[in-house]
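Results of the structural survey
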Amino acid sequence: MVFSMPPPLSSLLFVCFPGSPPPVITWSKLRAPLPWKHTVDNGVLTLTGVGRQDSGQYICNATNEHGYSEAYTQMEVESPPYATSLPDQVKLRPGDSLVLQCLAHGSHPIQFEWSRVGRPSLPAGTETTKAGKLMIARLRTSDSGTYKCVATNHIGTSEALAKVVVRGLNDLTLALFHLVENTKEQNSELDAPPSCDTPSQSRLTLNKHMK
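Residues numbered from 1 in each chain as written. Predicted model: local features only at pLDDT ≥ 70, side-chain atom pairs only at ≥ 80, totals over all residues. Heavy atoms only, no water.

By the naming in an unreviewed UniProt entry, the protein chain goes by Ig-like domain-containing protein and is assigned to Takifugu bimaculatus. The heading Subcellular location (unreviewed entry) in the UniProt record of the protein chain holds the text "Cell membrane". (UniProt positions renumbered as here; feature names shortened; annotations may be inferred.)

1. What to know about the packing of aromatic side chains
Evaluation of the coordinates by the stated rule reveals two aromatic pairs. Each ring, one from F14 and one from W27, has its centre 5.8 Å from the other, and the planes form 50°; the classification is tilted. Taken together, the residues span a long stretch of sequence, with F14 in strand β2 (residues 9-15) and W27 in strand β3 (residues 24-29) at a distance of 13 residues. Overall, the relative accessible area of 12% leaves W27 in the buried class. (Phe/Tyr/Trp six-rings, centres within 6.5 Å; stacked < 30°, edge-to-face > 60°. Helix = DSSP H or I, 4+ residues; strand = E, 2+ residues; numbered from the N terminus. Buried < 20%, exposed > 50% of the residue type's maximum accessible area, 1.4 Å probe, protein only.)

2. Thoughts on the pairing of β3
Of the two faces of β3, only one is covered, namely that formed by I25, W27 and K29; the face formed by V24, T26 and S28 stays uncovered. As defined by bridge partners, β3 adjoins strand β6 (residues 56-64) across six bridges and the pair is classed as antiparallel. If you follow V24 over to β6, its bridge partner there is T63. (Pairing = 2+ DSSP bridges.)

3. Section: the sheet that holds strand β10 (residues 98-105)
Read across the open sheet, the four strands follow the order β8-β10-β13-β12; overall the sheet is antiparallel. A strand with exactly one partner marks an edge of an open sheet, and here the two such strands are β8 (82-86) and β12 (127-128).

4. So, the state of the cysteines
Per the counting criterion, the structure on display carries two disulfides. The disulfide partner of C16 is C60, and the S-S distance across this bridge is 1.6 Å. Placement of the pair is C16 in the loop between β2 and β3 and C60 in strand β6, with a sequence separation of 44 residues. A sulfur-sulfur distance of 2.1 Å marks the disulfide that ties C102 to C149. Taking the torsion about the sulfur-sulfur bond, which here is approximately -85°, the covalent link between C102 and C149 counts as left-handed. (Disulfide = S-S within 2.5 Å.)

Shown next as structure tokens:
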């Protein structure tokens, strides 16, 4: 038997039907120990404080003088998402790239949606993915702000915030700075000495040998 249930659950009972003569009943969990908060009384397994970590396959083993029998039940405890943002705070300069990753634990499927707090939309050129990633290729100072990720599944929602600070030269000053740097590089290439002898130097060397 397979069943799913949403939290919160204070307790849950698993009952194995007895045989004749009454069997000895033991409980186990596939590839894991039984939850810490459990009791077994007269063959009844009781779990308290049930959470998502208690999901798994439970096995009832009944044994008497006629032999033994096993019964299996698969339990899945559903949970709302719990969202986090990596990073949750970042300081960058204009022209840098930004990547924010929204992560969420909980029952799948989980949908992600990004927005900017206090703004009607994300900055122009922003890209988002179904996996919860937000990307801006070239930041501007106006892109500073608090970005919010909302993770949603069929149980509930969760939010995570990321503070982005873009400081440095403004866009116009930054463009002029790059222009000046490029001009310096071009001038330095023009002023560089030649890599081989000039024709006049070659003739001068030849005349010296002739004398």
